[in-house]
Amino acid sequence: MNKHPNKALVLWLGVGFAGFLLFPWYAIQDTAWYYVLPEILAGSETANGLVQALANGRYWLLLGPLGLAIAGVGLIYPAGRLQARWLLGGGLAGLLGLGGSGFMIGARGWSFEWLNSAFGELAINQFGMGMGAFVVLLALIVISAFGLARRGYFKGDLFVASAVICCSALLALFIAYPVAKALSGAFLTEEGGWALSAIVDRIADSRIWNLNCLGGGVQCGVAWNTLFLALATAFGTTVLGTMMALLAERCAGPRVQGPLRVIALLPIITPPFVVGLGLILLFGRAGIVNQFLEYAFDITPTRWFYGILGILVAQLFAFTPIAFMIMRGVVQGLAPSLEEAAQILHADRRKTFFTVTLPLLKPGLANAFLVGFIESIADFGNPIVVGGQFSVLSTDIFFAIVGAQFDQGRAATLAWLLTIFALGVFALQRGLLGRQNYTTVSGKGDSGIPMPLPDGLRYTLNAVVYPWLTFTLVVYLFAFVGGFVQTWGRDYTFTLRHFITAFGIEWGQFGIVWAGTAWNSMFTTLKLSGISAPLTAAVGLLIAYLLSRTDFRGRNGFEFVALLAFAIPGTVLGVSYILAFNVPPVELTGTGLIIVICFMFRNLPVGVQAGTAAFKQLDKALDEASLMLRATTAQTLFTIILPLLKPALVAALVYSFARAMTTVSAVIFLVTAENELATTYIIGRVGNGDYGVALAYCTVLILVMSLIIAAIQWLVGERKLGRRKGAAAPVMTAPV
Amino acid sequence: MTFGVEFKNITKRYGTDPAAPFAVKGVSFGIEKGTLVTILGPSGCGKTTVLRMISGLESPTSGQIFMDGRDVTTLGPAERNVSMMFQSYALFPHMNVVENVMYGLRMSGVPKEPARARAVETLRNVGLVGYDERMPSELSGGQQQRVALARALILEPQILLFDEPLSNLDARLRRDMREEIRAIQQRLKLTVAYVTHDQSEALAVSDVIIVMNDGLIAQSGTPQEMYEYPGSEFVAGFMGEAMLFPGESGADGSVKLGPLTIVPKQKVEAGAVKVAVRPEAWQINRDGGGVAGTLRKRSYLGSFFEYTFDTPLGNIFVVSPDLTNVLDIGTDVGLSLANHGVSVVKAG
C-alpha cells in the first residue's frame, strides 16, 4: 500500500496550524486579507491567531490550536475507533470553543446581557472572523468529520465524511441560519413579543387568499396569483424546453444545431428585465404594436399587456432555456439501444417515442417542471417590470420590507407561504417519481444509433420551436435597437450617445482612462460572478454526488436543506443576509464576499439539480469499479465522474455564472457604492427613465457573457462516449 | 491459521431503518489463502451482498471482517488489497481499453509509461492483443470481459472478487473464460471469491462452495462433498437438480424408498426422511425390477438422452448415456438406483 491512511489527517492538522499562524485572524475592514499578510505579527486588527491570543489578550482563541493538538494525539493510534475518539474530541472542542466564543463575544464585549450580569463587562472585544479563523474552523470541521469516518460512519470514507460535514456546515451557516432568523419574524407581534397568533392572523389576511378574480372581481389574492402563474410557467417552460431539446438533439441537422443552441441560450445570458423591456418596446403603451393599432384602426393604446399576460410571456422567455438545458442533458443520455429494442419489438417510431423515449425522459421532465415552478414563484425582475397592478408574493415581500409599509412580519409570513408552495411541489415530484432510476449510460458500451423522431412529432416541433425562436430574436432585436435610438416612441434617429456615456474610454496622461459611467459596475460584476460560478458548480455537483451516490445517517435532512435554498426567494435571502451577517462572528455586510456568497447559495440548487439528473443516468458500478481499483473517492470524482458529467458541469457553470451576472432580487439589498453591480446600475437607469443607456448596457452585457460562455464550453468540451455516429448508419437503398 | 478472508457473525440490513429486513442474517466463514471459493445461491439469497462486504463497497450492520488476520470491517475498498470484476463489467465508457486497464495503476501513482506497459502486458495475459486503442463500446461481450478481467488483475490483488462474471456470455465463451479464470487464479495463487447462481459453473471452478439461502449459509464444502452429501433438502435440490422423494428410515440405518432399499452414506435418525436422487443415478432395467415406470417424454441432447418416466413415486427425470439402445415412448421399464448420486436428508 503506497497510501498512508493518516496522510490526509496530517495534512489537515498542518492546514489548521498554518491558518492559526500565517493568516490574519479577524476580518480586515476596507482591504483584503492578502494585503496585510506582512503585518500578521503586529497590530491589533491584522495579527494572526497566536499574536491575537497572547499579545492582545484574546486567550479564548487558543481553544482552536488546543483542539488541533488534541486531535493530533490521535496520530499515534492506528486507524480505528480509538483514534476516532481523539479526532472527534479535539475537533469538537475546538469548534465549540471558537464558535461559542465567537457568538458570545462581539464587537462590544459580551454579546448577551446575561453574560454581562454574570461575569461583568468584558474589556476586550472581537470583530468578525477572517481568513485565519476560517481556515482553522475548516480544518477543525474536516478533522471532526475524519473522526466520524473512523468510527465507521460514511462507510469509513474520509472524503465523503468531510464533504458531507463541510457542505452541511456551509448550508447551515448560509441558508438555514439566516433564513430561520428572517422567517421567525412572522411570529413576532407588533410589540416585539413571541406569539403563535401573530402568524395565524397574518396568514388569514384576505389580501392573500380571496378568489375575487374568478367571480369577476378585480384581483385574486396574492397567493393564488403566484400559484396560477407558477403552474402555467412551469408547464409552459417544460413543454417548450423539451421540444427544443428534442429538436436540437434528434431532428435538426448539424448546421442548424449550433445556432439553435445559441439562440436558446440567449434568454439565459441576459438580465431578466431585458425580455421585459423588449416586450414593452413591442407591446407597451408606446410600443410598436399599440402604435400600429392606433395608426391603422384608431385604437387608443392601453396597458393591456401589463399583468399576468406580460409576466407569463416574460417568464416563458426567461425560464424555457433552463428547461432546455436540463432536458438536453437527459435527451443526450438516453441509451439508443432502448429505442432500437422497442422498434425490434414492432413498435413504430411514434409508438416507440410515446412508450419508451418519453417515459425515459420522465425524471428530467419532473426536474424541469420543478425548476420552472420555483423560478416562477421566486422571480422578481419580471413581475416588477411588466406586472403592473398584478401582485405576486415575491414583489409583495419586497414592498413589505422596502416600501412605506415596512412590515417585517408580513414579509416573513409571505415568505412562509412561498416556502410551503415550493416544498409542496417538491414533495409531489418525489411522490410521483419515487426512486425511479433509468440508468442509460451503463458500463457496457452502447452501440445503438438514436432513432429519428416520428414525422408528426417532427412537424409539430418545427411548427412550435422555430416561430418561438423567431419571436425571441425579434424581442432581442428590439432591445438591441433600443440602445441605438434617441428616444423610443418619439425620436428614432440613430445615435451612439448611450454607449459613449456608459462605456467611453479615453487616453489620459497615464494610459487608458475608463471614463464611462458603467465600467466600475461592469468590472465588479465580472469579478464577483467569475469567483462565484466555479464555486457554485463545484459545490452543487458535490452535493448532487453526495445525494445520489452515498447513503448516510441524516441524508434526508441534508437533502432538505440543500434544496431549501430553492424555495427561498431572492428578496428574502437578501434581507436575511443583511439581518444575519452584520454583526460578528460573521460580519460581511458591505463586502464583495457577501455578494459572492449570496450568488453561490442562490444558484446552488441549479447545480444540484443538474447534477442529480445526470447522476441518475450514470451506472453506479462505474464509481464502484474505480473504488475497487484503489482510486480514492476524490480521484474517482475527478477521473471518472467529472468527465462523464461534462454536460451537467457546463450547465452548472454557465448557468451559475449567467445567473450571477443577471440577478437582481437578492443583491439589490447587498450592493454598496463600492460594490455596484451591472443589474442594479441598469435598474437605477430604468428608474430614471434612461432607457437608452440601460439598453446599451444590456447589449454590452450580452456580448461579454456570450464570449465567456463560449469560452467555458470550449474549455470543458464534449463528453466522449465512443457511441457510433448517426452518419455511420447503413443507408437503405431500394432495389432497382 | 489465518484466512485470506474471514467473516465473523456478519449481518447486513440496507438503509438506516431498524425495522428493515436483513439481507444477510449472520454469516461466518473463512476463505483459505490461494483458494477459489464460490458463493452459490438463488437470486436474493444475499450472495452479492456478501461479496460487496468483502470488497468494502458495503459495510456490515454487525460483525467483523478480517483479511490476513487484520480487522478491515471499517475500512473502505481502497484500504483493502481487493479487486473486483463487475457483472456489467463497468468499463469506463470515456476511456479506451488500455486507459481502462491502467487506471488502477495511475490512481496508485504509477507514472504513465510504465503503467501503459504493464497494462499492455496484462491484456496479453488475458488474451487480448491489438485492441488497446478501442473504446469499450467497440468491443464484443467477450472482449469487454477480458478487459474487465485485465483491469481487475493489474493491481495484483491479494483477493479477487467476481460478481457473476460469466452471465453475459454465450455457452462456449463461458467455458473458456471459466477455465481461464481458474488457470489465472492457480498460476497467481490468488484468493478468489466468486458469486454465481449456476451450480455447474460453481462445481467446475471451485475449491470450496458455500451455498447460501435466505441470508444464511445453508452448507459449505468441496464440490464433491456438496454434490454427494447435501445436508439439507435445499442444498440437494439446488446442487445438480436432484429430485426429492419421501422415504422412511429404519432402525438399522437403511432407508426405504417405495420398493427400493438404500444404505445411505451418512447416518440418519429413524423416521421420515427425504431421499435426493440425481437424474444420472437411476438405472433403467428393461426386464423390470425396482420401481415400475412408463416412458412419457424423451429428448435427445447429443451426448445423452433425457427421459421422463411415469411411476408410482411420481414423474421421474432420468439422464441416460446409452445412445445405442434407445427406449420408445410408452415402454414399461423398472428403475433402480446406482450407488452414487443418492443421498438422504432430514425431512422438512
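Residues numbered from 1 in each chain as written. Chains lettered and ligands numbered in written order. Predicted model: local features only at pLDDT ≥ 70, side-chain atom pairs only at ≥ 80, totals over all residues. Heavy atoms only, no water.

1. Some thoughts on the environment of F228(A)
(1) Moving on: As for its placement among the helices and strands, F228(A) is situated in helix α10 (residues 222–251).
(2) Moving on: For the pair formed by F228(A) and I308(A), sequence separation is 80 residues and the distance between their alpha carbons is 9.4 Å. (Helix = DSSP H or I, 4+ residues; strand = E, 2+ residues; numbered from the N terminus.)

2. What about the packing of helix α12 (residues 272–283) of chain A against helix α31 (residues 691–716) of chain A?
All names here are of chain A.
(1) Moving on: In contact at an axis separation of 11 Å, α12 and α31 are set at 130° when each is read in the N-to-C sense. The angle between the axes of α12 and α31 places the two elements in the oblique class. The two elements α12 and α31 meet at a crossing, and its hand is left-handed. The segment α12 lies against α31, with F273, V274, L277 and L281 engaging Y691, L695 and C698.
(2) Moving on: Its residues placed into classes, the contact of α12 with α31 shows seven nonpolar, no polar and no charged. (Axes fitted to C-alpha atoms, helices over the stretch in contact; angles between N-to-C directions. Parallel < 35°, antiparallel > 145°, perpendicular 65-115°, else oblique. Left-handed = near helix turned anticlockwise from the far one by under 90°. Contact = heavy atoms within 4.5 Å. Nonpolar A, V, L, I, M, F, W, Y, C, P; charged D, E, K, R; others polar.)

3. Structural notes on the sheet that holds strand β12 (residues 255–257) of chain B
Residues and elements named next belong to chain B.
(1) Moving on: The five strands are arranged β13-β12-β11-β14-β20 in an open sheet whose pairing can be described as antiparallel. Each of the sheet's edge strands pairs with one partner strand only, and the pair in question is β13 (260–262) and β20 (342–346). Taking each pair of neighbouring strands and ignoring which way they run, the sheet shows an average axis angle of 40°.
(2) Moving on: Inspection of the sheet shows strand β11 (residues 243–249) paired to β12 by two bridges, in the antiparallel sense. The partner of E248 across the bridge, within β12, is K256. (Pairing = 2+ DSSP bridges.)

4. Some details on the domain arrangement of chain A
(1) Moving on: Split into domains, chain A comes out as domain 1 (7–151), domain 2 (221–487) and domain 3 (492–694).
(2) Moving on: Each of domain 1 of chain A and domain 3 of chain A was reduced to a C-alpha centroid, and the two centroids are 29 Å apart. (Domains from an automatic or database assignment.)

5. Observations regarding helix α2 (residues 97–107) of chain B
(1) Moving on: With nine of 11 residues buried, α2(B) is to be regarded as a mostly interior element.
(2) Moving on: Listed in full, the buried residues belonging to α2(B) are V97(B), V98(B), N100(B), V101(B), M102(B), Y103(B), G104(B), L105(B) and M107(B).
(3) Moving on: For α2(B), the secondary structure elements touched by its buried residues are α27 (620–628) and α28 (633–644) of chain A together with α3 (112–125) and α4 (141–153) of chain B.
(4) Moving on: Phi turns positive one or two residues past the end of α2(B), at G109(B), with a value near 90°. (Buried < 20%, exposed > 50% of the residue type's maximum accessible area, 1.4 Å probe, protein only.)

6. Concerning the sheet that holds strand β2 (residues 22–31) of chain B
All names here are of chain B.
(1) Moving on: Reading across from one edge, β2-β1-β4-β5 is the order of the four strands in this open sheet, with antiparallel pairing throughout. The open sheet has two edge strands, β2 and β5 (70–71), and neither has a second partner.
(2) Moving on: Bridge count between strand β1 (residues 5–13) and strand β4 (residues 62–67): four bridges; the pairing is antiparallel. Its bridge partner being in β4, K8 is matched across the sheet by Q64.
(3) Moving on: Strand contacts of helix α1 (residues 47–55): β1, β2 and β4, with the helix running at about 120° to β1, the strand carrying the most contacts.

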